[in-house]
Structures are given as structure tokens and as C-alpha cells.
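Below are the chains, spelled out letter by letter.
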Amino acid sequence: MKKIIFLLLLGFSTNLFASDSKLNLPIYSYPLKEGKGKQLVETYCQMCHSVGYILNNAGVDKKTWEHIVHHMIHDFKAPIDEKSAKEILDYLVKNYGTKNK
Amino acid sequence: MNRRDFFKGLAISAFTASVGSNLIEKADAFTVKTYPITTKFPEKDKLILYSERPPLLETPRQYFDRAITPNKLFFVRWHLADIPTYVDLNSWRLKIQGNVKNPIEFSLDDLKTKFEPVSFYAVLQCSGNGRNFFKPKPKGIHWNHGAMGNALWTGVRLKDILNYAGIKSGSIEVAFDGLDKPPYPKTPDFIRSLPLDRVLEEDVILAYEMNNEPLPYLNGFPLRLIVPGWYATHWIKSVSRITVLDKPLKNFWMEKAYKLPDNDCECIKPGEKPEKTKTITTMNVKSVIAKPLDNSIVKVGEVIKIAGVAFDYGSGIRDVLLSFDNGKTWEKANLGTYLGRYSFREWFFYYKPKKKGKLTIMSRAINNDGQMQPFEIGWNPGGYKWNVVDKVQINIV
């Protein structure tokens, strides 16, 4: 059985400001599956949000992953060059596509 | 129901995730195909974790056995990860600007003292609540039933505030901006607008209290727009700037996000493109079964309580019907106290299982306009407005 491991790496809070009144949000680390393109995903796809978004969309088809990556670049202005985007897409389809629900 | 069944019952996700149980509190350990329950968020109790940056947290289904969702269990959903985690009320101001006679700023105290306070219960539901049940899987956050909640909202009428500032003629929309910001500056800020005529209705308020407490930061402290009957995308969190407009607001969020196919079924074939789209607005009629949870084990002859909530866009719930024979016959559930037309209506039913085996329980709400939950709905690209007849299966032994 394929398992995606949600690893709670840092159980403590981000206490950047050490002020009682500030809300301290936890940090999670979501290990992505090993494979070609993983590093690019780690570099580009965690800039604006956690990769929880990616794991939560696991199981969508190729067209949908294409749409998502394009949506990040076009609508949210993700600064990803074409070559990297292609490699990221291949990684997502292979590791989080319809066969990987 | 024992604790193990409780967690087993959370197995309603199509996604496989298993947790390094030694790294999570013991009480949270589980081995079913579902997301981890987190207790690590300030202001919050046990919620299902999809992301922490921005926080996306779902209320587990079993808490919908009551009409009022406690703040600690209320779901959390932000679009942009730079969310407010501290607001100094001494310097915080609500700005009213744009097509008004007197652009003006209010402190939270001004809002509480200068205007008549209003309170009502209203359901807050994400447009994509239930997205996980659509097949094929649309993109987005794959919420099950728990991207919704019902609270008592207290605040001031938007109408009163705008009239105080003086709306200039030619105004058609009002835009709302919250304190959340995109971490990458080129990403469009989350700003949305509403038609002026909706904004001027009596029931659109800016709430500074949720269930008689200040709003949790994670739900939009210090001030949240309340648009009862309409989906949560309109309920802007941590509102700090309101702009009256004489032309439609144009940005990614208004032009491309939260759109439905503009046809009778609000649906298309998966993979096709809708010819025309429209902005999602009002909620549809819906009931959710909170208890028993899916796959619960119950004994022959032992009475169980079936419980849940029902709601719609504001006509109010007329009936909730239950079926134990796959929809052939229906029985009326008991309705709980009426808390207003926009509120969850609690419902319950005592049931005595007669024979061993698997049994499907279905719930179907009917509103005062005569609309009822369908057995199936068409697909839409956003995975919005899921309101199919709810079902759980129990195991009678």
C-alpha cells in the first residue's frame, strides 16, 4: 500500500515575536514522494502555501494538474520558468495523479 | 459509541494519509484513510488539517449534531498565507472610502457605540463544502462536510455605516478588503465586491462577535462581513477597508474565481468549458447526518439517536426526512428549536435496528420554498454547492 506520510516535524510553534498576544501558528512538514522534480516542487510550490495543497489534490487527472500549474503561474504569478514547470508537472502527474489517490 | 469508532468514522476521505503516530498526540492517532486531526492551533480544538499555511481546517462531521458550532470547532479557511495573527485595536481602523460623501475611519469602539448592534444566527459555509464527493475530483480543497458552521453573529449593519459616510449616486458595488495579504506580492490580493443592493439589506452586517465572544483570529478578528444565506466567499475576514464603487470591481477573484456555469443545472460535463459563468451567491437546501458516523457498529434492538443539522439560503427548513430503505419510504425527523431562518436547524430521530447487517440511513431536507435535496447533482468545475441527499452506513450486529 502506498502511504503518504504526513510528518509532524516541528511540534512546536513559530514563536517569532515572543509576545503573548500574538497568535502562534504551528508548522508542519509534508514529505513529498521521492522522484525527479521533487526538488523543484519544494523550491517553487511552497513559496505561497504549504504542500498540503498538493497532497490534498492527489488523485486529479493530468489535465487538472496542468490546469493547476498554469493557474499558479498565470493567475497567482508564480515565478516558474517553462522548463521547471514542465518537470514539476511530470512529477505531479506521476506521483499524485489518478493512480495515486 | 466508543472512541475507536469515533475515529474510524472519520474515514470519509478519498485520500490516503497515514500519520507517524509517535509524532502526534496519542489521542489523535488513527490508521484510517483520512487527514490528521490537529490540536496544535491556537483558539481551536480538534480539527482536520489540510494545510497550516494558510490554515485550512475542517470541522469533523460528528460536531454537526448541534445547532450552534462552538468557536473552537469552527472551520478555518484562508486564501492567502500572510494572515493577521495580531491586531492592535488602538491603531486598527475600518476605512470607508471610494464613492462616498465623507470618507471616514472607525475604531472598533466607534462601531460598537455609534451604531445599533444587531445579532442573529447564520450558517457560514464554504462554496466548496462537499467538494470531495464530486466525481471526477475537481481541483481545490477537498472538504467533506465540515467546511461549514453556525454561529450567533453580533455587529453593525453595513447599511448604517455606509449611510453615515453617505453613498454617492452612481454607486453599484461595494468592495471589501481584509488584513490578509499574499506572501508573494504579485499575487492578487483577496478583495471581493458585492452588489450595492445586497449590501444595503438589513441583514448584512459587520460582526465583531461570534457566539458572544470576539471572533477568533482564525475566523476573521476583529471584524467579519456577514452575508447570511450566501456562501462564505462573500464573508470577508478581518475587514479593514470598504470601498464604494461606481463600476464593477475587476480582479482575479471577481472575474475568474467562485464562478458557476450560468445554465439551469449550473453544471457541465467534466472536461468541458462552460459557455457562460456567473458568481456563486446563495446556498441551497442541505442536511448533514452527524451521528451515527459511517461504519458505526450498533446492536440489534438497541435504540440509537440519529442527529444532524439542516439549513438553506434563508427560507427556513420545513422538514427533514429520513429513509432506511434507500429512499423508498421516508419518515419525519424531529426538529430542534428554531433559531432564525439563516440558522442550522437541529434534527434528531430515535431508531431501533431490527435485524443484523449493513443499513444505509439517508437524510433529506425540504425548505419552506418546497425545494429538497436531490439524489444527484451535475458536475461543476469548482466543485461547488454539493447538497446531495446525505447518507451513512451502519453495521448492525
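Residues numbered from 1 in each chain as written. Chains lettered and ligands numbered in written order. Predicted model: local features only at pLDDT ≥ 70, side-chain atom pairs only at ≥ 80, totals over all residues. Heavy atoms only, no water.

Looking at this structure, how should I read the overall build of chain A?
When its secondary structure is counted, chain A shows four helices and one strand. Expressed as a percentage of the 101 residues in chain A, the buried residues total 46%. Of the accessible surface of chain A, which amounts to about 5700 Å², a share of 57% is contributed by carbon and sulfur atoms. (Helix = DSSP H or I, 4+ residues; strand = E, 2+ residues; numbered from the N terminus. Buried < 20%, exposed > 50% of the residue type's maximum accessible area, 1.4 Å probe, protein only. Areas by Shrake-Rupley, 256 points an atom, 1.4 Å probe, with all protein chains shown as cover.)

Mind showing me how you'd approach the confidence of the model for chain A here?
Note that predicted coordinates carrying low pLDDT should not be read in detail. Predicted confidence across chain A gives a mean pLDDT of 82, with 77% of residues reaching 70 or more. A low-confidence stretch, residues 1–20 of chain A (pLDDT under 50), is modelled with 42 contacts involving residues beyond four sequence positions or located in other chains. (pLDDT = per-residue confidence, 0-100. Contact = heavy atoms within 4.5 Å.)

Looking at this structure, I do not really get the state of the cysteines. What am I missing?
Inspection of every chain in the model, using the stated rule, returns one disulfide over all chains. Bridging Cys265(B) to Cys267(B), the disulfide has an S-S length of 2.0 Å. Between Cys265(B) and Cys267(B), the disulfide has an S-S torsion of -90 degrees and is therefore left-handed. Given a relative accessible area of 44%, Cys265(B) falls into the partly exposed group. For Cys267(B), a relative accessible area of 16% puts it in the buried group. This cysteine, Cys126(B), is not joined by any disulfide, and Cys48(A) carries the nearest cysteine sulfur, 20 Å off. Note on Cys126(B): relative accessible area 6%, which makes it buried. (Disulfide = S-S within 2.5 Å.)

Please explain helix 3 (residues 62–74) of chain A as it appears in this structure.
The α-helix winds at 3.6 residues per turn, so residues separated by three or four positions along the chain end up facing the same way. The end-to-end C-alpha separation of helix 3 of chain A is 18 Å, in line with the 18 Å expected for 13 residues at 1.5 Å each. Along helix 3 of chain A, the positions that sit buried rather than exposed are Thr64(A), Trp65(A), Ile68(A), Val69(A) and His71(A). Projection of helix 3 of chain A onto a plane perpendicular to its axis shows the buried side chains occupying an angular sector of 155 degrees, all on one side. Elements that come into contact with the buried residues of helix 3 of chain A comprise helix 2 (52–56) and helix 4 (82–96) of chain A together with helix 5 (252–255) of chain B. (Expected span 1.5 Å × (residues − 1). Arc of directions from axis to C-beta.)

Can you walk me through the sheet that holds strand 18 (residues 286–291) of chain B in this structure?
Across a sheet, paired strands are connected by hydrogen bonds in the backbone, their directions being either parallel or antiparallel. Residues and elements named next belong to chain B. Read across the sheet, four strands follow the order 18-20-24-23 without closing on themselves; strand pairing throughout is antiparallel. What marks the edges here is a single partner per strand, and that holds for strand 18 and strand 23 (334–335). Pairing analysis gives five bridges linking strand 18 to strand 20 (residues 304–311), with the strands arranged antiparallel. When the bridges of strand 20 are listed, Lys 286 appears paired with Phe 311. (Pairing = 2+ DSSP bridges.)

Before we go on, may I ask you to explain the domain arrangement of chain B in this structure?
Interface size, as often reported, equals the accessible area lost upon joining of the parts. Residue and element names in this part refer to chain B. One can read the domain layout of chain B as domain 1 (3–77), domain 2 (94–121 + 147–279) and domain 3 (286–396). Each of domain 2 and domain 3 has a C-alpha centre, and the two are 31 Å apart. Taken together, the contact between domain 2 and domain 3 spans 19 residues of the former and 15 residues of the latter. Carbon and sulfur atoms supply 69% of the area that domain 2 and domain 3 bury against each other, a total of about 1500 Å² over both sides. (Domains from an automatic or database assignment. Buried area = accessible area lost by both parts, 1.4 Å probe.)

Can you walk me through the pairing of strand 11 (residues 191–195) of chain B in this structure?
A regular strand carries its side chains on alternate faces of the sheet. Residue and element names in this part refer to chain B. Among the five residues of strand 11, four are classified as buried, and the element is accordingly described as predominantly covered. In terms of strand pairing, strand 10 (residues 173–178) meets strand 11 through five bridges, oriented antiparallel. From the neighbouring strand, Val 174 faces strand 11, where its bridge partner is Leu 194.

Before we go on, may I ask you to explain helix 4 of chain A in this structure?
All names here are of chain A. Taking 1.5 Å as the rise per residue, helix 4 with 15 residues should run 21 Å; its terminal C-alpha atoms sit 20 Å apart, in good agreement. For helix 4, the complete set of buried residues consists of Ser 84, Ala 85, Ile 88, Leu 89, Tyr 91, Leu 92, Asn 95 and Tyr 96. The buried side chains of helix 4 occupy one side of the element, clustering within an arc of 165 degrees when seen end-on. In helix 4, the exposed residues that point more than 90 degrees away from the buried face are Glu 82, Lys 83 and Lys 94.

I'm lost on the environment of Asp110(B) in this one. Help?
All names here are of chain B. With respect to the secondary-structure elements, Asp 110 resides in helix 2 (residues 108–114). The spacing of Asp 110 and Ala 207 is 97 residues in sequence and 13 Å in space, taken between C-alpha atoms. With sequence-adjacent residues up to four places away left out, Asp 110 is seen in contact with Glu 105 and Phe 115. Here Ser 107 takes part through its backbone nitrogen, which lies 2.9 Å from a polar atom of the side chain of Asp 110. (Polar contact = N/O pair within 3.5 Å; in protein donor to acceptor, adjacent residues only side chain to side chain.)

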